[in-house]
Amino acid sequence: MKYSTIHVEASRSYDIVIGRGILAELGGLMRPLLGDCRLAVLTDSNVDALYGTIIMEHLQHAGYKACKYVIPAGEASKCAESLLSFLNFMAGEQLTRSDAVVAFGGGVVGDLGGLSASLYLRGVKYVQVPTTLLAAVDSSVGGKTAIDIPAGKNLVGSFYQPSLVCCDTALMDTLPKEIYRDGCAEVIKYGVILDSELYKKLHTLPFDREAVVARCVEIKRDVVQQDEFDNGIRGLLNFGHTFGHAIEKLSNFGISHGEAVAKGMVIAARIAPLCGLCDIADELSALLAEYGFDITSPYSAEEIYNALLTDKKRRGGTISVVLPHSVGDCTLVPLPVEELKDLLQKVI
Ligand code: GLY
C-alpha cells in the first residue's frame with residue numbers, strides 16, 4: 001500500500017502517516033515509539049459503532065493490551081466532566097507513565113484525548129487517529145489540545161504534541177456529507193492562505209483525498225514548525241476563523257465549524273480590498289458554492305462585531321485578521337476593533 005509520511009519537528013518530533021487502510025498498521029507504527037505499553041483508546045459513540053471493534057482487534061493483533069473509553073458523540077462531550085471521567089478511567093485501569101492514550105475520532109476526541117494525555121500523571125504519550133477530514137487536516141496536527149468551559153469554546157487547553165498521527169483516509173468514507181464538507185472548508189482555507197496550486201486542484205471534484213490531505217498536513221506542518229506556540233505566523237491558519245467563530249457562537253453552535261469558516265472566509269475576502277489588498281471574494285465564493293456552502297451571513301455586522309469583542313485572540317483594542325493578498329498568499333493584519341466595525345458594516 002502507498003502511504004505518505006510527513007515528519008514534524010517540534011518540542012516533540014513525530015510522523016504523520018496518511019494512507020487508505022493504514023489503520024491495520026497502527027500497532028506496528030506505534031511499536032518503535034511506545035514500546036510494550038498499555039493503551040487507553042478514547043473514542044466517541046459514532047466512531048465506536050463503526051470502527052470500535054476493528055481498532056481494538058488491530059491493537060490486540062499487534063500485541064497491545066488496550067482498554068476503551070467511549071464518550072457521547074458531539075461537542076457537548078468536550079467538557080471538564082468528560083476530561084475528569086476519562087482521567088478517572090485511566091487511573092482505575094492503573095495506567096502508568098509508560099502507557100499511552102490513543103485518540104480515535106474527530107476534533108472533540110482529539111482535543112480531549114490530547115489534553116487528558118498532557119495531564120494524566122503530568123503527561124503520558126498519545127497518538128492521534130483522526131476519523132474526520134477536519135481532524136485529519138487541522139486538529140490532529142500541531143498539538144493544540146482543549147476543552148470548552150461555560151465561558152467559551154477551547155478556553156482551557158495546552159500545547160502537547162502527539163507521538164504519532166495515523167490517518168486512515170478510508171475511515172472518511174462513512175462520514176455524513178455535511179461532516180465531510182466541514183473539512184473541505186479547511187482544505188480550501190489552506191489553498192487560499194499558502195498554496196495556489198492546491199486551490200486550483202480543488203476545482204476538480206471529488207478531489208484526490210489522500211493527496212489533498214497530505215498537502216494540507218504539509219502546509220500545516222510548515223507553519224507549526226515555525227511557530228509551535230501560536231505567537232505569530234500560526235495565526236495565518238485562522239483565515240476565516242475570526243468571523244467564523246463569531247458566527248458559530250451567535251448560532252449557539254447550530255452552524256457547524258466548516259459552514260461558519262466558509263462564511264468567515266468570504267467576509268475576510270470582502271474586507272481585503274477595503275484595506276488595499278486584492279479582491280478574491282467572487283472567485284472564492286464561487287468555489288465554496290461548488291462545494292455546497294451557503295456563504296451568506298445570517299447575522300448583521302453589529303451582531304458579528306459584538307461577538308468578536310470576546311474573541312480569545314483579541315489583544316487590547318486590536319484583533320488580527322487574516323486577509324488575502326492573492327490566492328495562496330495571505331497576511332495577518334492587526335485592525336483596531338472600531339475600524340473592524342466600520343469594515344463589517346461595509347461588507348455585510
Ligand atoms: N487550528 C489552528 C491551529 O492549529 O493553529
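Notes on the structure follow. (Residues numbered from 1 in each chain as written. Predicted model: local features only at pLDDT ≥ 70, side-chain atom pairs only at ≥ 80, totals over all residues. Heavy atoms only, no water.)

1. Here's the deal with the site of the ligand
Around the ligand sit D138, K144, K220, R234 and L237, and that is every residue in its neighbourhood. D138 is positioned with one of its side-chain polar atoms (N or O) 2.9 Å from a nitrogen atom of the ligand. K220 places a side-chain nitrogen or oxygen 2.6 Å from an oxygen atom of the ligand. Coverage of the ligand by the protein amounts to 88% of the 200 Å² it exposes when considered alone. Its residues assigned to classes, the shell around the ligand comprises one nonpolar, no polar and four charged. (Near = heavy atom within 4 Å. Polar contact = N/O pair within 3.5 Å; in protein donor to acceptor, adjacent residues only side chain to side chain. Areas by Shrake-Rupley, 256 points an atom, 1.4 Å probe, with all protein chains shown as cover. Nonpolar A, V, L, I, M, F, W, Y, C, P; charged D, E, K, R; others polar.)

2. Some details on the environment of Q60
As for its position among the elements, Q60 is in helix 2 (residues 45-61). Along the backbone, Q60 and G27 are 33 residues apart, and their C-alpha atoms lie at a distance of 8.3 Å. (Helix = DSSP H or I, 4+ residues; strand = E, 2+ residues; numbered from the N terminus.)

3. Describing the packing of helix 12 (residues 301-308) against helix 13 (residues 337-347)
The interhelical angle for the contact between helix 12 and helix 13, taken along N-to-C directions, is 155°, at an axis separation of 9 Å. Put simply, helix 12 runs roughly antiparallel to helix 13. Relative to helix 13, the crossing made by helix 12 is right-handed. Packed against helix 12, whose contacting residues are A301, I304, Y305 and L308, the element helix 13 presents V337, E338, L340, K341, L344 and Q345 at the interface. (Axes fitted to C-alpha atoms, helices over the stretch in contact; angles between N-to-C directions. Parallel < 35°, antiparallel > 145°, perpendicular 65-115°, else oblique. Left-handed = near helix turned anticlockwise from the far one by under 90°. Contact = heavy atoms within 4.5 Å.)

4. Points about the pattern of salt bridges
Considering all chains together, one arrives at 18 salt bridges under this definition. Note that K78 and E75 form a salt bridge whose closest N and O atoms lie 4.0 Å from each other. A residue is classified by how much of its surface remains accessible, and K78, at 3% relative accessible area, is buried. Since its relative accessible area comes to 31%, E75 is described here as partly exposed. What emerges from the salt-bridge pattern is a single network uniting E75, K78, D111, D148, K153 and E248. (Salt bridge = Lys/Arg side-chain N within 4 Å of Asp/Glu carboxyl O. Buried < 20%, exposed > 50% of the residue type's maximum accessible area, 1.4 Å probe, protein only.)

5. Details of the sheet that holds strand 5 (residues 100-105)
Within a sheet, each strand pairs with its neighbour through backbone hydrogen bonds, oriented either parallel or antiparallel. Strands sit in the order 1-2-9-6-5-3-4 across an open sheet of seven strands; the sheet is mixed. The sheet is open, and its two edges are formed by strand 1 (4-8) and strand 4 (65-71), each paired on a single side. Adjacent strand axes in the sheet meet at a mean angle of 15° when their direction is disregarded. As paired elements, strand 1 and strand 2 (residues 14-19) share five bridges and run antiparallel to each other. Each residue of the ladder has a partner; that of H7, found in strand 2, is D15. (Pairing = 2+ DSSP bridges.)

Distances and angles like these do not, on their own, reveal function.
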